[in-house]
Every structure is written in structure tokens, then in C-alpha cells.
Amino acid sequence: MVIVLKNNATKQQVSELIGRLEKNNVRANLVEGVHSNIIGLIGDTVHIDIEAILANECVETVRRVQEPYKNANRKFHPDNTVLDICGRLTGGDRTQVIAGPCSVESEKQLIETAQACKQAGATMLRGGAFKPRTSPYSFQGLREEGIKILLKAKKETGLPVVTEIMSLAHLDMFSDVDVIQVGARNMQNFELLKALGRCDKPILLKRGLSSTLEELLMSAEYIMSEGNSKVILCERGIRTFEPMTRNTLDISAVALLKQKSHLPVVVDPSHATGLVKLVEPMSLAAVAAGCDALEIEVHCDPKNALSDGSQQLTPQAFAECMVKIKALAQFMGKPVDSVE
Ligand code: PEP
Ligand code: MN
């Protein structure tokens, strides 16, 4: 961390500042330049609050040299984190495809969709039991019943299940779920993240609607700093000024997250675009950018879906999409995982 001092900083102010800084177990080196003086901090600065430094009258600006995320940072963990999700190795040399409906609506709907997804080559099953909807009058999910149906579908198909948690109060219901998803709207629900950091399950963490990549990585840090290092980062599109798509898929985020972090990266082309016709091209773009997994919404009857009908693929469209995903993933050297 580098602190640039104001030209009119007094010796007294600077020495007081250095005294305060050194209480944080770092060394503060004062460098006197021709035009301005700076203090270089050497040591672990993650606990230092930039705002508190800026509150000193003698300080002009503060710049971080190191990223504030340590556990998620590839600099400190050069090897990829590979998670074993019921035998599906995620983050290594295989691509995983998580598919299933936006919401679990009934046993018949989920099992029919899950079987079709598996048939087409999906390696995990998604389905929302608790649904974060913009309107309180929209379908809110089957809640606990939805989780029971997901576990039945797992029994029928052998596919591990991924489902979203919205409240800490529901954590006990997730004990048999394979991957707990934190939705975009909860990316900065820090108490939820900390609690998930104390459990031993993989957490699929979605990027917030308007969050920077650093904010996403800091949210991963919340989970990891509590002891759970099984975090999967998810790019699901961000809010921009473009109204033709539901969100704007940030493809560069995929390659950048892979460089900055050792954690697996998944891309959700369904919520990123909101358009059935864009799911295939964006899935392929994500595979080309180096993602470790895709999360795709598939519904056996999208026209009658209780949520996100316009972005869910039919099983037929998903199967066609999978043919190209498999071919490209193979070409990229990270073939889609094969399930018995
Ligand atoms: C979802 O995956 O069901 C979902 C609600 O996605 P997001 O949190 O990305 O909007
Ligand atoms: Mn959805």
C-alpha cells in the first residue's frame, strides 16, 4: 500500500500517522521525493482501512498495491482449485454442465426435465426451490417441498443438485443439497456468506447485478475466510444501459477471473441474456473464454413455466446446444465430463 502525502503535511502529522500505521504490524517507510512524499507500507495490509487513512489531514491519496482478497487470489494459490461434487471434478480439466428449470414446480416437471437434461449430457441438476422474484405476487417457489423434489430427482437420475439459498434461517433444509447457490441479489449478504463459510459444502456464488469483479472476489473471501474454500464463482451478466438483453454477459470476466483466482468459474448464459436464442452462442463464448462450467435453464414446457419462461430451453433445444458445447469443450482441451 502506498500513501501519498500532501505537500503541506507537517513532520508532526507524518510521524503520528506512521505511529498509527505501525500498530497494524506493518513497516511504514517514508520516502521523501522532489515533488511529494510518500509512505510505503510493507507487510500484510488486508486489515488496514483505507478510509481511516484518508481521514488524516496530511494524506492526499492511498493506493493498494496488493489485491485485498488473499484466499481467493491465484498469487497465493497458483494451482486451480478442483472441487469434487459427487465425482464431478469442477475446476480442473473437465467442463461441467449444470442444467434444469428456473424453478422446481412439481415432481413431474422436475423429474421429466432432469431426465432429459441427463440424456443430453448434463452433469448436474439445477432448480430453484426458493425464488428471488422482483414482485412478491409472482411464484415464490415450493420452498422445502422443492428441495425434497430435487433430492428425489437426484435419486432418479444420479445428478448432483444445485439450488439457491435465500435466508440463513433455511440452512438446515440444505443439508442434503450438493451445491448451495447464492443468488446475484444476495452476493453481498455478508452474514449469509459468513454462515456458508462455516459449512462444508461447495458454494456457487453469483455475481451481483451491478458488482465489480473485485466485489465478487471479496464476497468469495467472506466465505473462504471462515474456513470454507469450496467456492465457485459465477458470471451471470451485469446491468448495463442495454435493454435488448436482460443483462450484459461479461465474457472478459471469465478469462480475468481465471487469471486472478484459482477458483472454478461458471457462466450462466440464461440469466445473462434472458433470451432463448442467445443461450447457445453465449454458452459457446463462455467455453471459448475458459469457463469450468455452464449453468443453463431448461424446462420441459417453457410456455407454461412459472418463472423465466422466455429464457428456458426446451429439452430438444438443450440437446442441440449440448452437441456444440461438447465439441467446443473437447477442442478447448476441457471436455464435458462424462457421466456413467
Ligand atoms: C437463478 O439462478 O435461479 C437466479 C435467480 O439467478 P440470479 O441470482 O443470477 O438472478
Ligand atoms: Mn431463472
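Asker: Describe the site of ligand 1, and please don't skip the residues or the numbers.
Answerer: Close to ligand 1 lie Arg126, Lys131, Pro132, Glu164, Gln181, Gly183, Ala184, Arg185, Lys206, Arg236 and His271. The contact in question runs from an oxygen atom of ligand 1 to an N or O atom on the side chain of arginine 126, over 2.8 Å. Burial of ligand 1 by the surrounding chains reaches 97%, relative to a free accessible area of 290 Å². Of the residues that constitute the shell around ligand 1, the class distribution is 2 nonpolar, 3 polar and 6 charged.

Asker: Go over the sheet that holds strand E1 (residues 2-5) with me, naming the residues and quoting the values.
Answerer: If you trace the 4 strands from one edge of the open sheet to the other, you get E2-E3-E1-E4, paired in antiparallel fashion. Both outer strands of the open sheet, strand E2 (27-32) and strand E4 (59-63), are each paired with one neighbouring strand and no more. Averaged over all neighbouring strand pairs, the angle between strand axes comes to 20 degrees, with direction disregarded.

Asker: Outline the coordination of the manganese ion (ligand 2), supporting the account with residue identities and numerical values.
Answerer: Around the manganese ion (ligand 2), the protein contributes the donor atoms Cys102 (SG), His271 (NE2), Glu297 (OE) and Asp308 (OD), which lie 2.0 to 2.4 Å from the metal centre. Along the chain, the residues donating to the manganese ion (ligand 2) are arranged with the sequence spacing C-x168-H-x25-E-x10-D. Of this pair, cysteine 102 sits in the loop between strand E7 (96-100) and helix H3 (107-120) while histidine 271 sits in helix H8 (residues 269-273); the two residues are 169 residues apart in sequence, bridging distant segments of the chain. In terms of burial, cysteine 102 and histidine 271 fall into one category: buried.

Asker: Explain the environment of glutamate 235 to me, and be specific about the residues and the numbers.
Answerer: On the secondary structure map, glutamate 235 appears in strand E12 (residues 231-235). The exposure class assigned to glutamate 235 is buried, which follows from its relative accessible area of 0%. Sequence-wise, glutamate 235 and glycine 91 are 144 residues apart; in three dimensions their C-alpha atoms are separated by 15 Å. Setting aside residues no more than four positions away along its own chain, glutamate 235 makes contact with Arg207, Thr248, Leu249, Asp250, Ala253, Val266, Val267 and Asp268.

Asker: So what about the nonpolar core? Which residues, and what values?
Answerer: Counting residues in hydrophobic clusters, the biggest one holds 51 residues, and the most contacted among them are Leu205, Val231, Leu233, Leu294, Ile296, Phe318 and Ile325. Per element, the largest residue contribution to this core is 6 residues, and it comes from helix H6 (residues 213-224). Those residues within four positions of phenylalanine 318 in sequence are excluded, and the remaining contacts are Val97, Ala99, Cys117, Ala120, Ala122, Ile296, Val298 and Leu313. Ranked by size, the runner-up nonpolar core spans 16 residues in total, among them Leu17, Val26, Ile39 and Cys58.

Asker: Give a detailed account of the sheet that holds strand E11 (residues 203-206), specifying residues and quantitative values.
Answerer: Around the barrel, 8 strands lie side by side as E7-E8-E9-E10-E11-E12-E13-E14; this closed barrel has parallel pairing. The average undirected angle you get between the axes of adjacent strands in this sheet is 30 degrees. Strand direction decides the pairing type here: strand E10 (residues 179-182) and E11, joined by 3 bridges, are parallel. Bridge pairing in E11 places glutamine 181 opposite leucine 204.

Asker: Describe in detail helix H1 (residues 11-22), supporting the description with residues and values.
Answerer: Taking 1.5 Å of rise per residue, 12 residues should cover 16 Å, and H1 covers 16 Å from first to last C-alpha, within 8% of that figure. Of all the positions in H1, only Val14, Leu17, Ile18 and Leu21 are classed as buried. Along the long axis of H1, the arc covered by the buried residues comes to 100 degrees, so they all point the same way. For H1, the elements touching its buried residues are E1, E2, strand E3 (37-42), helix H2 (50-54) and E4.

Asker: Any chance you could break down the packing of H3 against helix H10 (residues 315-331) for me, citing the residues and the numbers?
Answerer: Remark: H3 packs on H10, axes separated minimally by 9 Å, with the N-to-C direction vectors making an angle of 25 degrees. In terms of their interaxial angle, H3 and H10 are classed as roughly parallel. Every pair of crossing elements has a handedness; the one defined by H3 and H10 is right-handed. When H3 is examined against H10, the residues Ala116, Cys117 and Ala120 are found in contact with a partner set consisting of Pro315, Phe318, Ala319, Met322 and Lys326.

Asker: So what's going on with the domain arrangement of the chain? Residues and values would help.
Answerer: We note that the domain assignment places domain 1 (2-63) and domain 2 (83-331) within the chain. Computed from C-alpha atoms alone, the centre-to-centre distance between domain 1 and domain 2 is 43 Å.

Asker: Give me the lowdown on the packing of aromatic side chains, citing residues and values where you can.
Answerer: Here the structure, examined in full by the defined rule, presents 2 aromatic pairs. On the numbers, 6.1 Å between centres and 25 degrees between planes, the contact of phenylalanine 130 with phenylalanine 174 is stacked. Of this pair, phenylalanine 130 sits in the loop between strand E8 (124-126) and helix H4 (144-157) while phenylalanine 174 sits in the loop between strand E9 (161-165) and E10, placing them 44 residues apart in sequence. You'll find phenylalanine 130 and phenylalanine 174 in the same group, each marked buried. With 4.4 Å between their ring centres and 20 degrees between their planes, phenylalanine 190 and tyrosine 222 make a pair best called stacked. Here tyrosine 222 lies in helix H6 and phenylalanine 190 lies in helix H5 (residues 190-197), a separation of 32 residues in the sequence. On the basis of relative accessible area, phenylalanine 190 is assigned to the partly exposed category, the value being 31%.

Cut-offs and rules
Residues numbered from 1 in each chain as written. Chains lettered and ligands numbered in written order. Predicted model: local features only at pLDDT ≥ 70, side-chain atom pairs only at ≥ 80, totals over all residues. Heavy atoms only, no water. Near = heavy atom within 4 Å. Polar contact = N/O pair within 3.5 Å; in protein donor to acceptor, adjacent residues only side chain to side chain. Areas by Shrake-Rupley, 256 points an atom, 1.4 Å probe, with all protein chains shown as cover. Nonpolar A, V, L, I, M, F, W, Y, C, P; charged D, E, K, R; others polar. Pairing = 2+ DSSP bridges. Helix = DSSP H or I, 4+ residues; strand = E, 2+ residues; numbered from the N terminus. Axes fitted to C-alpha atoms, helices over the stretch in contact; angles between N-to-C directions. Donors = N, O, S within 2.8 Å, 3.2 Å for Na, K, Ca; no water. Buried < 20%, exposed > 50% of the residue type's maximum accessible area, 1.4 Å probe, protein only. Contact = heavy atoms within 4.5 Å. Core = buried A, V, L, I, M, F, W, Y, C linked by side-chain atoms within 4.5 Å. Expected span 1.5 Å × (residues − 1). Arc of directions from axis to C-beta. Parallel < 35°, antiparallel > 145°, perpendicular 65-115°, else oblique. Left-handed = near helix turned anticlockwise from the far one by under 90°. Domains from an automatic or database assignment. Phe/Tyr/Trp six-rings, centres within 6.5 Å; stacked < 30°, edge-to-face > 60°.

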